[in-house]
Amino acid sequence: SHAIANYLTINAEFFGYDFMTGSWIGYDIIFVAWTTFSPERVREITKKAVNEMVTGAWFITLSEPANHPALLVVHSLKAWFSWGISRVYIHRRQL
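These notes cover the structure that comes with them. (Residues numbered from 1 in each chain as written. Predicted model: local features only at pLDDT ≥ 70, side-chain atom pairs only at ≥ 80, totals over all residues. Heavy atoms only, no water.)

1. A few points about the packing of aromatic side chains
Applying the stated rule across the entire model yields 3 aromatic pairs. Where W24 meets F59, the ring centres are 6.2 Å apart and the plane angle is 35°; that geometry is what we call tilted. Placement of W24 in the loop between α1 (2–7) and β1 (29–32) and of F59 in strand β2 (residues 58–62) is noted, with a sequence separation of 35 residues between them. An identical accessibility class is assigned to W24 and F59; each is buried. Ring centres of W34 and F59 lie 5.9 Å apart, and the angle between their planes is 75°; on these two criteria the pair is classed as edge-to-face. One end of the pair, W34, is in the loop between β1 and α2 (39–52); the other, F59, is in strand β2, with 25 residues separating them in the sequence. Counting every residue linked through ring pairs, the aromatic cluster contains W24, W34 and F59. Over the aromatic face of W58 sits the side chain of R92, whose NZ or CZ is 3.9 Å from the ring centroid. (Phe/Tyr/Trp six-rings, centres within 6.5 Å; stacked < 30°, edge-to-face > 60°. Helix = DSSP H or I, 4+ residues; strand = E, 2+ residues; numbered from the N terminus. Buried < 20%, exposed > 50% of the residue type's maximum accessible area, 1.4 Å probe, protein only. Lys NZ or Arg CZ within 6 Å of the ring centre and 35° of its normal.)

2. A word on the sheet that holds strand β3 (residues 71–81)
The sheet built from 4 strands is open, its strands ordered β1-β2-β4-β3 with mixed pairing. Looking at the sheet topology across the chains shown, the edges are occupied by β1 and β3. Between one strand axis and the next, the sheet turns by 20° as a mean value, whatever way the strands run. Summarising the sheet, β2 and strand β4 (residues 84–93) pair through 5 bridges and their orientation is antiparallel. Opposite T61, over in β4, you have Y89 as the bridge partner. (Pairing = 2+ DSSP bridges. Axes fitted to C-alpha atoms, helices over the stretch in contact; angles between N-to-C directions.)

3. Brief notes about the pattern of salt bridges
The final tally for this structure, using the stated rule, is 2 salt bridges. For R41, the salt bridge is made with E44, and the minimal N-O distance between the two is 3.2 Å. Taken as a pair, R41 and E44 lie in helix α2 at a separation of 3 residues, close to a single helical turn. In this structure E44 comes out as partly exposed when scored by relative accessible area, which is 33%. Note that E52 and K48 form a salt bridge whose closest N and O atoms lie 2.9 Å from each other. You can see E52 and its partner K48 sitting in helix α2, 4 residues apart, about one turn around the helix. (Salt bridge = Lys/Arg side-chain N within 4 Å of Asp/Glu carboxyl O.)

Set out below in structure tokens:
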């Protein structure tokens, strides 16, 4: 997470909680390590991102990109995590 923030050259605070129960309104970046999530859970998270994130916000996922036209992949890279290397997808929320 910190490596991605450094790559984007941004200051970031990181919170860990069940983000499905809280609002994403007002957040500039959402990072989801959905590597082991079910396809249904990935669809739920993608829907929440599209419904609550403002245009221009960043949506970052691991292993797979979001499958929605409003979440444009602007960059992908491989990065090290505690379990090894994972593909990172950096999306930008579109109109």
